[in-house]
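# Notes for the structure review
Residues per chain are reported as follows:
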Amino acid sequence: MPSSSPSTTAATSPAGPTRNGSGPAATSPHAYDAGLLLLRLVLGLTMAAHGSQKLFGWFGGGGIDGTGQFFTMSGYPAGNAMAVVAGLTEVLGGLGLAVGLLTPLAGAAVVGTMVNAIAVTWGGGFFAPKGNEYELLLTAGAAALALTGPGRYAVDRFLPVLKAHRLAYGVAAVLVGLATAGVILLLRK
């Protein structure tokens, strides 16, 4: 009776496909990278667009003055300064995610901003128009990208330190984003 090798058994096991390309159930690693690219582009460009609403008034946004008034009404000090910080964080973090540049930090920037957005919408239920499911989804997506890394279709692949993404980078970045969000929330009345 022939014995099966571990690699053959693993490739066809019910646990799922392998990334090494062996066996009939194998999935191309490029599929994972393409999925990460799609997630990065949609989430990153969405965040960059939100930031440009705050900074420039594009896409029907309030610009710095309108957004600053909203921040003041929401209990943040120095509303216009907070509008600039939030706008820059969303634009730079979003663009960083979209192109896969400094992905853990870009994800952390989005996480920090969106935790504050969740705090503002908290208490309105889960679903729109007053809920926070949208903010929660953006936060989770950004945290997931910080933890997984950008995939191979990213600028980070050309940076020596980030070429090989490590889980520790993502965890540290998400913790920095959460800590920064916490500090900003402490300033809120």
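Details of the structure are given in the entry above.
Conventions and cut-offs
Residues numbered from 1 in each chain as written. Predicted model: local features only at pLDDT ≥ 70, side-chain atom pairs only at ≥ 80, totals over all residues. Heavy atoms only, no water. Phe/Tyr/Trp six-rings, centres within 6.5 Å; stacked < 30°, edge-to-face > 60°. Buried < 20%, exposed > 50% of the residue type's maximum accessible area, 1.4 Å probe, protein only. Salt bridge = Lys/Arg side-chain N within 4 Å of Asp/Glu carboxyl O. Helix = DSSP H or I, 4+ residues; strand = E, 2+ residues; numbered from the N terminus. Expected span 1.5 Å × (residues − 1). Contact = heavy atoms within 4.5 Å. Polar contact = N/O pair within 3.5 Å; in protein donor to acceptor, adjacent residues only side chain to side chain. Axes fitted to C-alpha atoms, helices over the stretch in contact; angles between N-to-C directions. Parallel < 35°, antiparallel > 145°, perpendicular 65-115°, else oblique. Left-handed = near helix turned anticlockwise from the far one by under 90°. Nonpolar A, V, L, I, M, F, W, Y, C, P; charged D, E, K, R; others polar.

### Focus on the packing of aromatic side chains
Ring pairs (aromatic) are described by centroid distance and by the angle formed between their planes. Taken as a whole, this structure holds five aromatic pairs when the rule is applied. Between F126 and F127 the ring centres are 4.9 Å apart and the planes differ by 85 degrees, which places this aromatic pair in the edge-to-face class. For F126, a relative accessible area of 41% corresponds to the partly exposed category. The class for F127 is exposed, based on a relative accessible area of 61%. Grouping aromatic residues by their ring pairs yields a cluster made of F56, W58 and F59.

### Remarks on the pattern of salt bridges
Tallying each qualifying case throughout the model produces two salt bridges. Notably, a salt bridge pairs D33 with R152, separated by 2.5 Å at the nearest N-O pair. Here D33 is found in helix α2 (residues 29–56), whereas its partner R152 is found in the loop between α6 (133–148) and α7 (167–187), with 119 residues between them in sequence. Of the residues examined, R152 reaches a relative accessible area of 32% and is grouped as partly exposed. Residue E90 is joined to K54 by a salt bridge in which the shortest nitrogen-to-oxygen separation is 3.0 Å. Of this pair, E90 sits in helix α4 (residues 79–99) while K54 sits in helix α2; the two residues are 36 residues apart in sequence, bridging distant segments of the chain.

### A word on α2
The first and last C-alpha atoms of α2 sit 39 Å apart over 28 residues, in line with the 40 Å expected at 1.5 Å per residue. Burial in α2 covers these residues: D33, L36, R40, L43, G44, M47, A48, G51, S52, K54 and L55. Contacts from the buried residues of α2 go to α3 (63–73), α4, α5 (103–121) and α6. Capping the start of α2 is the job of one residue whose side-chain oxygen sits 3.0 Å from the backbone nitrogen of H30: S28. Looking at the residues trailing α2, positive phi occurs at G57, about 75 degrees.

### Section: the packing of α2 against α4
Angle between the axes and distance between the axes are the two parameters that describe a pair of packed helices. The N-to-C vectors of α2 and α4 enclose an angle of 155 degrees; their axes lie 7 Å apart at closest approach. One way to sum up the angle between α2 and α4 is to call them roughly antiparallel. Crossing angle aside, the handedness with which α2 passes α4 is left-handed. Along the contact surface, α2 presents R40, L41, L43, G44, L45, M47, A48, H50, G51, S52, K54 and L55, while α4 presents A83, V84, A86, G87, L88, E90, V91, G94, L95, L97, A98 and V99. Its residues assigned to classes, the contact of α2 with α4 shows 15 nonpolar, six polar and three charged.

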